[in-house]
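Structure at a glance
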Amino acid sequence: MTASIGALDTCARLLREPVSLGRGDPRVSLEKYGPLLLAVAVVSAAVFGGVVGTYRGGVQLVFAAVKLPLLWLIPILVTLPAVRALHRVCGVDVDYGQVALAALVGTARAALVLAVASPALWLLYSLHVGYHVAVLALCGSLVAAGGVGLHTTARILPGSGAGKAVANMLAVAAVGVVFAQSGWVLRPFIARPRAEVSFMRTVESDVFSSVAASWRSARGDYTGWDARRQGLLANPEADSP
Amino acid sequence: MIASASLSGLWLAVGGGYVLVGAIVALRLASRQASRAAALAAVACWPLMLPLLSSPSSAAPSGPLAARIEQCARELRATMADPAAADVPVVDDLDDLVRDLQQADERLGMVDALVADVGGASPAVAGLEALRGARARAAAEVEAVLDGMVELRLSIGLRSLAGNAVPVQDRLVDLRARLGALDEIAQFDHPRQS
């Protein structure tokens, strides 16, 4: 009962006044709210993942509910040092604790916004929209929620002026790239209607070529899907014609 | 085939290394008296919990009322968490109140050391009596707040029998405000010292 009250209170503060969670000594706040914020982020993202999985149904519902929290957390875990470095390079003096707390609050808020908005996506999927429209709706939801999270993070981090604005833009770019590629590696979240359901697909190419191909397919041009693995993931034997 | 085997080996090594570092961070946090939830969270998300390692480990409180503060806080937490006191929320305000009490206690400890130091060397120095008086008032306020915490425990016990509502959060906020007033009085006594 008390735990649920604490979680509800934290969720209310995340939605109404997220900056209040980032006040004070970041280490004290991180110890006090960190585990709960993580739990909120994981549960909220899992709820949203479950809704995404309903497009295909069955075991895909579980797969998507497991993978969405990973998609939400991996980018901040990977980019925290880079975000701090970018701020310091731009003359914004932040310590690692402040960045970690701000990123955690932003991530939890974004995931919570996704969970709150998931009934709308559920309604859209229940109208039996096409696969590519479903993918674009998912991407749009993630980008919108990500924007909310990044805006929250930027509000909590100290500093002002042009230096902070530049640092925020660079941080958005860094987090965005890692987020997009994480989503690409962890796919499928929706699963094609006639494809075999699998937890993860084999890694091929990168997210940017896929987005371009998806955009073409949404307009009826189904070319450009012959993706190849590249760089560290390249497999010449398997990819040779 | 060889490429995919080395790739999965790479993933395993990266994943294993990540979890290993997480376990080490969690153990370090546990040894520094961090909360169990924070240590558990560090296993999976150690980059987020890493800053907790750089914070000073919880040193033993050093003020003259440290033991009583700790006892009152522990007993009030236990009372609030007792199943018989169902529906009494464990609120963040208690943590904030205890932190304020510990800070006030640390200031008392500092003043005690100062009085012993200066008073031993030159007992008649100007301002020493004023400092002693201020210290006595501050200590009395801290003691009064601690008494208030004991009264709150009794109220919670009475509530479990009589069923009347106990505004726990409001009481804790009141007690905190009382400590806050102490700071304001200190500022009033020494308005230009900063």
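Residues numbered from 1 in each chain as written. Chains lettered and ligands numbered in written order. Predicted model: local features only at pLDDT ≥ 70, side-chain atom pairs only at ≥ 80, totals over all residues. Heavy atoms only, no water.

Description of the overall build of chain A
Assigned secondary structure in chain A consists of 8 helices and 0 strands. Listed N to C, the secondary structure of chain A is α-α-α-α-α-α-α-α in terms of helices and strands. Nonlocal contacts in chain A, meaning residues at least 24 apart in sequence, comprise 73% of its contacts between residues at least 6 apart. For chain A, the accessible surface area stands at approximately 11500 Å², while carbon and sulfur atoms represent 66% of it. (Helix = DSSP H or I, 4+ residues; strand = E, 2+ residues; numbered from the N terminus. Contact = heavy atoms within 4.5 Å. Areas by Shrake-Rupley, 256 points an atom, 1.4 Å probe, with all protein chains shown as cover.)

Some points on the overall build of chain B
In terms of helices and strands, chain B carries 7 helices and 0 strands. Secondary structure elements in chain B, listed N-terminal to C-terminal, are α-α-α-α-α-α-α. Counting the 194 residues in chain B, one finds 32% classified as buried. Taking the intrachain contacts of chain B between residues at least 6 apart in sequence as the baseline, contacts between residues at least 24 apart amount to 66%. Just so you have it, chain B exposes about 11500 Å², and 62% of that area is on carbon and sulfur atoms. (Buried < 20%, exposed > 50% of the residue type's maximum accessible area, 1.4 Å probe, protein only.)

Focus on the packing of helix α6 (residues 161-186) of chain A against helix α7 (residues 207-218) of chain A
Residues and elements named next belong to chain A. For the pair α6 and α7, interaxial distance at closest approach is 9 Å and the crossing angle is 75 degrees. Put simply, α6 runs roughly perpendicular to α7. In this structure, α6 uses Val177, Ala180, Gln181 and Trp184 to contact α7, whose residues at the interface are Val207, Phe208 and Ser210. Residues that form the contact of α6 with α7 fall into these classes: 5 nonpolar, 2 polar and no charged. (Axes fitted to C-alpha atoms, helices over the stretch in contact; angles between N-to-C directions. Parallel < 35°, antiparallel > 145°, perpendicular 65-115°, else oblique. Nonpolar A, V, L, I, M, F, W, Y, C, P; charged D, E, K, R; others polar.)

Things to note about the nonpolar core
Residues A:Trp72, A:Leu142, A:Ile190 and B:Leu48 are the most contacted members of the largest nonpolar core, which totals 68 residues. Contributions of two or more residues to this core are made by α1 (2-16), α2 (26-53), α3 (59-89), α4 (96-126), α5 (131-156) and α6 of chain A together with α1 (2-31) and α2 (36-49) of chain B. Broken down by element, this core gets its largest block of residues, 15 residues, from α4(A). Apart from residues no more than four positions distant in its own chain, A:Trp72 is found in contact with A:Ala45, A:Thr107, A:Ala110, A:Ala111, A:Leu114, A:Leu142, A:Ala145, A:Gly146 and A:Phe179. In terms of nonpolar packing, the next biggest core, distinct from the first, is built from 24 residues, B:Leu101, B:Val142, B:Leu172 and B:Leu175 among them. (Core = buried A, V, L, I, M, F, W, Y, C linked by side-chain atoms within 4.5 Å.)

Things to note about the packing of aromatic side chains
Residues and elements named next belong to chain A. The final tally for this structure, using the stated rule, is 4 aromatic pairs over all chains. Ring geometry for Phe63 against Phe199: centres 5.2 Å apart, planes inclined by 85 degrees, an arrangement best described as edge-to-face. Taken together, the residues span a long stretch of sequence, with Phe63 in helix α3 and Phe199 in the loop between α6 and α7 at a distance of 136 residues. The exposure class assigned to Phe199 is partly exposed, which follows from its relative accessible area of 34%. (Phe/Tyr/Trp six-rings, centres within 6.5 Å; stacked < 30°, edge-to-face > 60°.)

Let's talk about the pattern of salt bridges
All names here are of chain B. Applying the stated criterion across every chain yields a total of 10 salt bridges over all chains. In this structure, the salt-bridge partner of Arg132 is Glu129, at a minimum N-O distance of 2.8 Å. Of the two residues, Arg132 and Glu129 are both situated in helix α6 (residues 128-162); the distance of 3 residues between them amounts to about one turn of the helix. Classification of Arg132 as partly exposed rests on a relative accessible area of 34%. (Salt bridge = Lys/Arg side-chain N within 4 Å of Asp/Glu carboxyl O.)

Description of the confidence of the model for chain B
Residues and elements named next belong to chain B. On average, residues of chain B carry a pLDDT of 78, and 74% of them reach 70 or more. Here helix α7 (residues 168-189) stands out as the element of chain B with the lowest mean pLDDT, 70, in contrast to α2, whose mean of 90 is the highest. Across the interface, the model reports ipTM at 0.77; the global pTM reads 0.64. (pLDDT = per-residue confidence, 0-100.)

Quick word on α6(B)
Three or four residues apart is the spacing at which side chains of an α-helix point the same way, because the helix has 3.6 residues per turn. Between its first and last C-alpha, α6(B) extends 50 Å over 35 residues, near the 51 Å set by a 1.5 Å rise per residue. Within α6(B), the full set of buried residues consists of B:Leu128, B:Ala138, B:Ala139, B:Val142, B:Val145, B:Leu146, B:Gly148, B:Met149, B:Leu152, B:Ser155, B:Ile156 and B:Arg159. (Expected span 1.5 Å × (residues − 1).)

As for the packing of α5(A) against α6(A)
Residues and elements named next belong to chain A. Where α5 contacts α6, the two axes come as close as 11 Å, and the packing angle between them is 145 degrees. Like other packed secondary-structure pairs, α5 and α6 cross with a definite hand, here right-handed. Residues Leu142, Leu150, Ala154 and Arg155 of α5 touch α6, and the partners they reach there are Lys164, Asn168, Val172, Val175 and Phe179. Looking at the contact of α5 with α6, its residues break down into 6 nonpolar, 1 polar and 2 charged. (Left-handed = near helix turned anticlockwise from the far one by under 90°.)

Focus on the side chain of A:Thr79
All names here are of chain A. For Thr79, the location among the structural elements is in helix α3. Exposure remark for Thr79: the relative accessible area of 4% places this residue in the buried category. Of the polar contacts made by the side chain of Thr79, one reaches the backbone oxygen of Pro75; its length is 2.6 Å. Beyond its immediate stretch of four places on either side in the chain, Thr79 contacts Ala174, Val175 and Val178. (Polar contact = N/O pair within 3.5 Å; in protein donor to acceptor, adjacent residues only side chain to side chain.)

So, the side chain of A:Thr153
Inspection of the secondary structure assignment puts A:Thr153 in helix α5. Contacts of A:Thr153, omitting those with residues within four sequence positions, involve A:Ala102, A:Ala103 and A:Gly106.

Things to note about unusual backbone geometry
Residues and elements named next belong to chain A. Each neighbour pair has its own omega, and for Arg187 with Pro188 the value is 10 degrees, a cis peptide bond. Here Pro188 shows up in the loop between α6 and α7. The residue His128 is not glycine, and still its phi comes out positive at about 55 degrees.

A few points about the confidence of the model for chain A
The predicted structure's coordinates, where accompanied by low pLDDT, should not be read in detail. Residues of chain A with pLDDT of at least 70 account for 88%, and the chain-wide mean is 84. For chain A, per-element mean pLDDT is lowest for helix α8 (residues 236-239) of chain A, which scores 57, and highest for α4(A), which scores 92.

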